[in-house]
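Summary of structural features
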Amino acid sequence: MNDKPQRGQDQGSTGFKVNIDQKDLMTGAFEQPRARRRVSVSLNDDPPSSVKKTLSTEKERKAEKKAHKKRNRLKARKNKRVFSFMWLCMVLLASFTLASYLINGSNDFFGASRPEGTADIEIPQGKLTEEKLADILYEAGIIQEPEFFTLYCKVRAHMENFAPGPRSKVSTNLDYEALLNTLIGGDEDLEEVQVVFPEGFTALQAARLLEENEVCKAQEFLDALNNLDFTQYDAIAALGDTSGKYYKVEGYLFPDTYNFYKGEELDSVIGKLLYNFQRKINDKLLQKVQESGMTLDQVVTMASIIQAEAANEQDMFNVSAVLHNRLNFGADYDIYFLECDSTSFYPYRNAKDLEEQGGTLSYGNYDTYKISGLPAGAICNPGIDAINAALKPNTGGDAEQYLYFCHSDEGVAYYATNESDHEYNKQLAGIS
């Protein structure tokens, strides 16, 4: 007989219970909880990024501060360059403005920029000021620069001399001095005369022409050439010491046709000639003077000899070649003087003029038979062609070796490179 209980039967009080945890019923791998890892920092190991950021903050601040200073220095240098550029622009603008003001004022002073015509004006009753007179003339078109005219009136005019009343047919191209004379004289018109100064005229010839036309006395004109102050003209101011010159502005009285008034003031008369010279010697010509290695006065002096010696414009460049060659390498051929007849009797033209004036010369530093180099100053007043020839002598063919020249009575020119040929040329010219 089998005494064991069957599977599934109740075992009564003797049965047991099996407890199964829920985790035992789960499938898959069982993950053990992770233990927290300690972070250890060794002094010999590189720190982590978070620590590294903390440690490098001070270094970055110093680097940033250094970079900031560098940026400030660069910005300061840039600002300094901008400031310097702006300052230069302001200086140039001021210079151009002043130059323009002076040029426009000078043109208006001589009436050079004003068209021909007439206008009627009236001097009002009561106190007349320089500014009021300038406004009246400006509105009538008689002047173009009222501020400049005002300054001139303050120096030259006495306002009480302007009688009130109408002034009819006042010319619109009068220089300031003539304009003042016209206004002071009421309706009385100043008589105008035209005087032609040819190329190569001298101060003495100019004085005679002016006296003949009743513009001024000859001797007063000659005295004024040395005694009046003309340093407002750049060419005259650059002369420096003029004690060796007979007439200090000889050479700068530009040959041209001029309108004067009888009895005109001497500073106005001479100023017209000097102003014309300064206007004709433009920046381009001044650049050539600088490139030549000569001063403007040396160029004018040489040009005056060329003007007096040459037969025509073409001849001027060959005469210039002779003068330059003698100055540059004449000593190599025992030639130490320019030996130009035109300089022998200055301030007179020739021996006949010298005899008429007493037969003696006051100055001996003009005769190029006795002095080496150029004379102390110009011997006449040359034109632009002679000035150009002085700056650019002929250097073609034999001209670069010319040392002698002569002319026949008919004006035929002869040139030579040696004394023997020169003597032969003199025979051909009929002056042997």
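Just so it is clear, the structure is predicted and the values come from calculations on it, not from any experiment.

So, the overall build of the chain
In terms of helices and strands, the chain carries 14 helices and six strands. Counting only residues that meet the buried cut, the chain has 38% of its 432 residues in that class. Pairs at least 24 apart in sequence give 66% of the contacts found in the chain among residues at least 6 apart. Carbon and sulfur atoms make up 49% of the accessible area of the chain, which amounts to about 27600 Å² in all.

Let's talk about the pairing of strand β5 (residues 404-407)
Going residue by residue along β5, you find Y404 and C406 tucked away on one face and F405 and H407 tucked away on the opposite face as well. Where β5 lies against strand β6 (residues 413-416), four bridges are found, and the strand directions are antiparallel. Each bridged residue has a counterpart across the sheet, and for C406 the counterpart in β6 is Y414. Counted between consecutive antiparallel strands, the loop separating β5 from β6 contains five residues, among which G411 sits at a positive phi close to 90°.

Considering the packing of helix α3 (residues 146-156) against helix α4 (residues 176-184)
Close contact between α3 and α4 brings their axes to 11 Å; oriented N to C, the two are set at 65°. In this view, α3 runs roughly perpendicular relative to α4, as classed from their interaxial angle. The handedness of the crossing between α3 and α4 is right-handed. Here α3 contributes F148, F149, Y152, C153 and R156 to the contact with α4, which in turn contributes Y176, E177, L179 and L180. Tallied by class, residues from the contact of α3 with α4 come to seven nonpolar, no polar and two charged.

Quick notes on the packing of aromatic side chains
Enumeration according to the criterion identifies 16 aromatic pairs in this entry. An angle of 65° between the planes, with centres 6.3 Å apart, marks the rings of F329 and Y333 as edge-to-face. Note on Y333: relative accessible area 48%, which makes it partly exposed. Members of the aromatic cluster, connected to one another through ring pairs, are F109, F110, F149, Y152, Y176 and Y275.

Quick look at the confidence of the model for the chain
The share of residues in the chain with pLDDT of 70 or more is 78%, and the mean pLDDT across the chain is 83. Taken together, the stretch residues 38-44 has pLDDT below 50 and engages in zero contacts with residues farther than four places along the chain or on a different chain.

Focus on the nonpolar core
Ranked by internal contacts, the top residues of the largest apolar core, which has 97 residues, are L133, F149, F221 and F260. If we ignore the near neighbours within four places in the chain, the residues touching L133 are I123, L128, F149, C153, M159, F162 and L183. Formed by five residues, the second largest nonpolar core is a distinct cluster that contains F329, I335, L403 and A416.

Observations concerning the pattern of salt bridges
Using the criterion set out here, one finds 13 salt bridges in the structure. Between R156 and E265 there is a salt bridge whose closest N-O contact spans 3.9 Å. With a gap of 109 residues between them, R156 in helix α3 and E265 in the loop between β4 (257-261) and α8 (266-280) connect regions that are remote in the sequence. When its relative accessible area of 34% is taken as the criterion, R156 is described as partly exposed. A salt bridge links K272 to E264, with the nearest nitrogen and oxygen atoms 3.2 Å apart. Comparing K272 with E264, the two get one shared label, buried. Put simply, E130, E131 and K154 are held in one network by salt bridges that share partners.

Basis of the calculations
- Residues numbered from 1 in each chain as written.
- Predicted model: local features only at pLDDT ≥ 70, side-chain atom pairs only at ≥ 80, totals over all residues.
- Heavy atoms only, no water.
- Helix = DSSP H or I, 4+ residues; strand = E, 2+ residues; numbered from the N terminus.
- Buried < 20%, exposed > 50% of the residue type's maximum accessible area, 1.4 Å probe, protein only.
- Contact = heavy atoms within 4.5 Å.
- Areas by Shrake-Rupley, 256 points an atom, 1.4 Å probe, with all protein chains shown as cover.
- Pairing = 2+ DSSP bridges.
- Axes fitted to C-alpha atoms, helices over the stretch in contact; angles between N-to-C directions.
- Parallel < 35°, antiparallel > 145°, perpendicular 65-115°, else oblique.
- Left-handed = near helix turned anticlockwise from the far one by under 90°.
- Nonpolar A, V, L, I, M, F, W, Y, C, P; charged D, E, K, R; others polar.
- Phe/Tyr/Trp six-rings, centres within 6.5 Å; stacked < 30°, edge-to-face > 60°.
- pLDDT = per-residue confidence, 0-100.
- Core = buried A, V, L, I, M, F, W, Y, C linked by side-chain atoms within 4.5 Å.
- Salt bridge = Lys/Arg side-chain N within 4 Å of Asp/Glu carboxyl O.

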